[in-house]
Amino acid sequence: MERETKMIPIKTPQGEFNVWVQRCGNNPSKRLLLLHGGPGMSHEYFKSFEEHFRDSDIEYIYYDQLGSHNSDNPADRSFWTIERFVDEVDQVRKALGLGPDNFFLLGHSWGGVLAMEYALAHPETLKGLIISNMMADCIAYQKYADDVLGPQMDPAVLKRIKELEAAGQYTSEEYEALLVPYYERHVLRRPMDEWPQCVTSSLSHANQDLYVYMQGPSEFGIAGVLETWDRSKDLPKITIPTLVIGAEYDTMDPAYMEWMSKQLPKGEYLYCPNAGHMAMWDDPEGYHGGLKQFINKV
């Protein structure tokens, strides 16, 4: 497979910085830009595409957002706003020559927030949109964590997690250990010591300050900049073909994500049974197969 790696300069009010992209494959008519989660994770956990898109004619593009792994990190919280990230994505789009005749945008988790915001800001640039494992309302996401997922945990464990969060002990060994069963049930459904190397690399390369500032300390609910983010009423304004992907054991409510697909004028829903938040690893055939089908149909 043809590959091209490059750094793309991004203009900001505070100067110019570079972000890393890698193009995999070469198809002028079907080009898929991947927006990773976090914020502050990396492209690495998308490596499931290596196997499942190997024989596909769809070009996919890895991309580390500013502050993430291979890209520059200004280490300045004033950069971490949705609006600036949307502007960054548009600068990346222009540099890659993506447009309405070929540009598919996939956002997973936080990348799904960014993808929705991008589609609302720049609808004329897109051919298709994929919102993967992300709800359109972070208040509803927190409610799902509190009302549905939290009660599935041992009450004593949940109480201790909340205490450690209140004390700001996000990087303590105790906090991380207490979250392991939750991550193994709802993020990637296998023992953490069996998680793919690229997934654990993405986690170890995470920009912790950026992640906690925007998302909060863990995948168990939401805090920080995104705590009250809500675009649920704006979904009908996204009129391009859009695929919403949800999973049975996701940290996000799969029924809500199905509802989202019905608010989108050209929305479709792909459901991944027995999968968690990283459905591309838990249900690789269903996830990648459904994604390819959607892109080829559009």
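Scroll up a little and you will see the structure.
An account of the accompanying structure is given in this report. (Residues numbered from 1 in each chain as written. Predicted model: local features only at pLDDT ≥ 70, side-chain atom pairs only at ≥ 80, totals over all residues. Heavy atoms only, no water.)

### As for helix H3 (residues 110–121)
1) Next: Compared with an ideal rise of 1.5 Å per residue, which puts twelve residues at 16 Å, H3 spans 17 Å between its outermost C-alpha atoms and is within 8% of the ideal.
2) Next: Burial analysis of H3 places ten of its twelve residues in the buried class, which makes it a mostly covered element.
3) Next: Here H3 has its buried residues at Trp110, Gly111, Gly112, Val113, Leu114, Ala115, Met116, Glu117, Tyr118 and Ala119.
4) Next: Taken together, the buried residues of H3 touch strand S3 (31–35), helix H2 (82–96), strand S5 (103–108), strand S6 (128–132), helix H8 (208–214) and helix H9 (254–263). (Helix = DSSP H or I, 4+ residues; strand = E, 2+ residues; numbered from the N terminus. Expected span 1.5 Å × (residues − 1). Buried < 20%, exposed > 50% of the residue type's maximum accessible area, 1.4 Å probe, protein only. Contact = heavy atoms within 4.5 Å.)

### Digging into helix H7 (residues 197–204)
1) Next: Among all positions of H7, only Cys198, Val199, Ser201 and Ser202 are buried. Looking down the long axis of H7, one finds its buried residues gathered within 160° of arc, a one-sided arrangement. More than 90 degrees from the buried face of H7, the exposed residues found are Gln197 and Ser204.
2) Next: For H7, the elements touching its buried residues are helix H10 (279–282). (Arc of directions from axis to C-beta.)

### Quick look at unusual backbone geometry
1) Next: Pro39 follows Gly38 through a cis peptide bond whose omega is -5°.
2) Next: Positionally, Pro39 belongs in the loop between S3 and helix H1 (48–52).
3) Next: Of note in the backbone geometry, Ala75 takes a positive phi value of approximately 50° without being a glycine.
4) Next: Inspection of the secondary structure assignment puts Ala75 in the loop between strand S4 (59–64) and H2.
5) Next: The backbone phi angle of Ser109 is positive, close to 60°, even though this residue is not glycine.
6) Next: Structurally, Ser109 can be placed in the loop between S5 and H3.

### Observations concerning the packing of helix H5 (residues 155–166) against helix H6 (residues 173–186)
A pair of packed helices is characterised by two quantities: the angle between their axes and the separation of those axes.
1) Next: Put simply, H5 and H6 touch, their axes get as near as 10 Å, and they point 140° apart. Handedness of the crossing formed by H5 with H6: left-handed. Mapping the contact onto sequence places Val157, Arg160, Ile161, Leu164 and Glu165 in H5 and Glu174, Tyr175, Leu178 and Leu179 in H6.
2) Next: For the contact of H5 with H6, the class distribution of residues is six nonpolar, no polar and three charged. (Axes fitted to C-alpha atoms, helices over the stretch in contact; angles between N-to-C directions. Left-handed = near helix turned anticlockwise from the far one by under 90°. Nonpolar A, V, L, I, M, F, W, Y, C, P; charged D, E, K, R; others polar.)

### Quick notes on the environment of Tyr144
1) Next: Mapped onto the secondary structure, Tyr144 falls in helix H4 (residues 138–149).
2) Next: Excluding residues that lie within four positions of it along the chain, Tyr144 makes contacts with Leu149, Asp250, Thr251, Met252, Asp253 and Pro254.

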